[in-house]
Amino acid sequence: MDELELLKKDWNRKDNNSFPKLSYNDIYKMILKRSSSIVKWIFIISLLEFGFWTALSFSFKDFDGFERFNDTDAKYIILGLTVFGYVVLFYFFFLFFKNYRTISVTDSAKVLMENILKTRQTVKHYVAFNLLFMIGSTIIVLFIEFKQDSELIAQVTQATANGNAFMFYAKTIVIVGLALTLVLAILLGFYWLIYGILLKKLDRNYHELKKMEL
Amino acid sequence: MDKELEHSFIALLEEHQNIVHKVCRLYTNNYDAHNDLFQEITIQLWKAYPKFRGDSKFSTWMYRVGLNTAITLYRKSKRSIKTQEFDAVQFKIKAEHYDDTEEQQLKLLYSAVHQLNDIEKALVFLYLEDKNYKEISETLGISEVNARVKMNRVKTKLKTILNP
């Protein structure tokens, strides 16, 4: 006899389904509780990510070091970049909520998984954008500073006079490069940890479904 | 209005709760994990209930939400994985000492099903619940042909687990 047929016979036997019967009140208590599904966690973490990057751009606004930018063209660039950053933030926010709202537990398993991954993807893109944005604006501002900041130019002239111009540039580039790499590594490690744990099962099952379509 | 919705939902779930229990039985292997998954499926059902239009049967709708929760939304605790491995080993040891009675065969079968992956379990579950391939393919979101092919592979896999 086919193994599964034997199992089916047993599966549908009445006495085999003697699960503890829950009462009306048991179920009522259950619907009052909070969900702990991965969708909820992805939603919370995503909002924190959006919040983190927005707070970061706000906190830099009042940074004292920025005052010296006011004498150079960097202040126009920074203003432009800030506006651009907000437009992109709202765009991603809009996409995120649109994706989030399409997640429905009554879709097929495959569509549900795709929609969750799409929501996650949006936030991933936003984070990637921010990292590139951070690197890009650092380079641009640094470039302008070297060209226009009187204090910095004085330092460069001094270094050149001593024959240390190369060392001065190299030191600046290495320090900035190291700082950016460190920030990047910490953030990527953090994401890898959070989402690796959260999405491990979903990823595995999604690949399993995809494999069946080949 | 909300109270009415609540009442109708709870009454329906109370009546059909066996479906949820059966999903939990396949996807978990201890009492705590069973209750945990049951709780999460109940919440997901309740959250989706306002959109349930009754164009499909409540039970059919429950299969979908139940399996989606087990496969996609729910995060297993580490504890339950350990128990599963433990059970499987125990069954294997026992198998060598017992006669091949039907009861023993069933025990082995259940432990074999527990060793399948989540998607394979879903196929087996829907098969055991007498769903046709059209329903299986719609629930998982794959084509009917692929559902059929995969089902045959699962049968082979079960045979291999039982007779290594």
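Up top you'll find the structure we're talking about.
To keep things clear, this report deals only with the structure shown in the data block. No experiment lies behind these values; they were computed from the predicted model shown.

Cut-offs and rules
- Residues numbered from 1 in each chain as written.
- Chains lettered and ligands numbered in written order.
- Predicted model: local features only at pLDDT ≥ 70, side-chain atom pairs only at ≥ 80, totals over all residues.
- Heavy atoms only, no water.
- Helix = DSSP H or I, 4+ residues; strand = E, 2+ residues; numbered from the N terminus.
- Rg over C-alpha atoms; globule rule 2.2 N^0.38 Å.
- Buried < 20%, exposed > 50% of the residue type's maximum accessible area, 1.4 Å probe, protein only.
- Areas by Shrake-Rupley, 256 points an atom, 1.4 Å probe, with all protein chains shown as cover.
- Lys, Arg positive; Asp, Glu negative; His and termini not counted.
- Charge placed at Lys NZ, Arg CZ, Asp CG, Glu CD.
- Contact = heavy atoms within 4.5 Å.
- Polar contact = N/O pair within 3.5 Å; in protein donor to acceptor, adjacent residues only side chain to side chain.
- Phe/Tyr/Trp six-rings, centres within 6.5 Å; stacked < 30°, edge-to-face > 60°.
- Lys NZ or Arg CZ within 6 Å of the ring centre and 35° of its normal.
- Patch = residues over 30% accessible without salt bridge, like charges linked within 9 Å, V, L, I, M, F, W, Y side chains within 5 Å.
- Salt bridge = Lys/Arg side-chain N within 4 Å of Asp/Glu carboxyl O.
- Buried area = accessible area lost by both parts, 1.4 Å probe.
- Nonpolar A, V, L, I, M, F, W, Y, C, P; charged D, E, K, R; others polar.

1. Quick look at the overall build of chain A
What chain A contains, in helices and strands, is 7 helices and 0 strands. For chain A, the α and β elements follow one another from N to C terminus as α-α-α-α-α-α-α. Compactness check: chain A gives a C-alpha radius of gyration of 27 Å against a globular reference of 17 Å for 214 residues, more than 25% above the reference. Principal-axis analysis of the C-alpha atoms places the extent of chain A at approximately 95 × 40 × 30 Å. With 214 residues in all, chain A has 38% of them scored as buried. Total accessible area on chain A is roughly 13200 Å²; 68% of this is exposed by carbon and sulfur atoms. Distance between charge centres in chain A, computed from 25 positive and 20 negative side chains, equals 7 Å.

2. Quick look at the side chain of Thr42(B)
With respect to the helices and strands, Thr42(B) occurs in helix H2 (residues 31–48). What Thr42(B) contacts, discounting residues up to four positions off in sequence, is Ile27(A), Met30(A), Ile31(A), Phe9(B) and Leu13(B).

3. Considerations on the environment of Gln17(B)
Note on placement: Gln17(B) falls in helix H1 (residues 2–27). Here Gln17(B) falls in the buried class, since its relative accessible area comes to 3%. Sequence separation between Gln17(B) and His34(B) is 17 residues, and the spatial gap between their C-alpha atoms is 13 Å. If we ignore the near neighbours within four places in the chain, the residues touching Gln17(B) are Pro20(A), Lys21(A), Leu22(A) and Phe38(B). Here Glu14(B) takes part through its backbone oxygen, which lies 3.2 Å from a polar atom of the side chain of Gln17(B).

4. Looking at the packing of aromatic side chains
Residue and element names in this part refer to chain A. In total, this model carries 30 aromatic pairs over all chains according to the counting rule given. Ring geometry for Phe 50 versus Phe 93: centroids 4.7 Å apart, planes at 70 degrees, classification edge-to-face. Taken together, the residues Phe 50 in helix H3 (residues 38–61) and Phe 93 in helix H4 (residues 74–102) connect sequence positions 43 residues apart. A relative accessible area of 2% means that Phe 50 is categorised as buried. Taken together, the aromatic side chains of Phe 43, Phe 50, Phe 84, Tyr 91, Phe 92, Phe 93, Phe 96, Phe 97, Tyr 100, Tyr 126, Phe 129 and Phe 133 make up a single cluster linked through ring pairs. In this structure, Arg 120 is placed above the aromatic ring of Tyr 195, and the distance from its NZ or CZ to the ring centre is 3.3 Å.

5. Section: a nonpolar patch on the surface
Residues Trp41(A), Ile44(A) and Leu48(A) make up a contiguous nonpolar surface patch of roughly 300 Å² in combined accessible area. Taking relative accessible area as the criterion, Trp41(A) reaches 42% and is therefore assigned partly exposed.

6. Considering the environment of Ala128(A)
Residue and element names in this part refer to chain A. By the element assignment, Ala 128 lies in helix H5 (residues 109–148). Taking the relative accessible area as the measure of exposure, Ala 128 reaches 34% and is therefore partly exposed. Between the C-alpha atom of Ala 128 and that of Phe 19, which follows or precedes it by 109 residues, the distance is 49 Å.

7. Considering the interface of chain A and chain B
Interface size is commonly expressed as the accessible area that is lost once the parts come together. Taken together, the contact between chain A and chain B spans 49 residues of the former and 66 residues of the latter. Both sides of the chain A and chain B interface together cover about 5400 Å² of buried area, and 62% of this is carbon and sulfur. Three residues, Trp11(A), Tyr24(A) and Met212(A), lead the burial of chain A against chain B; their summed loss comes to 14% of the area buried on that side. We note a salt bridge from Glu208(A) to Lys150(B), for which the minimum N-O separation is 3.4 Å. For the pair chain A and chain B, the interface holds 26 residue pairs in polar contact (both at pLDDT 80 or more). Broken down by secondary-structure element, the contributors of at least two residues to the side of chain A that touches chain B are helix H1 (3–11), helix H2 (24–32), H3, H5 and helix H7 (165–212) of chain A. Residue classes in the side of chain A that touches chain B are distributed as 24 nonpolar, 10 polar and 15 charged.

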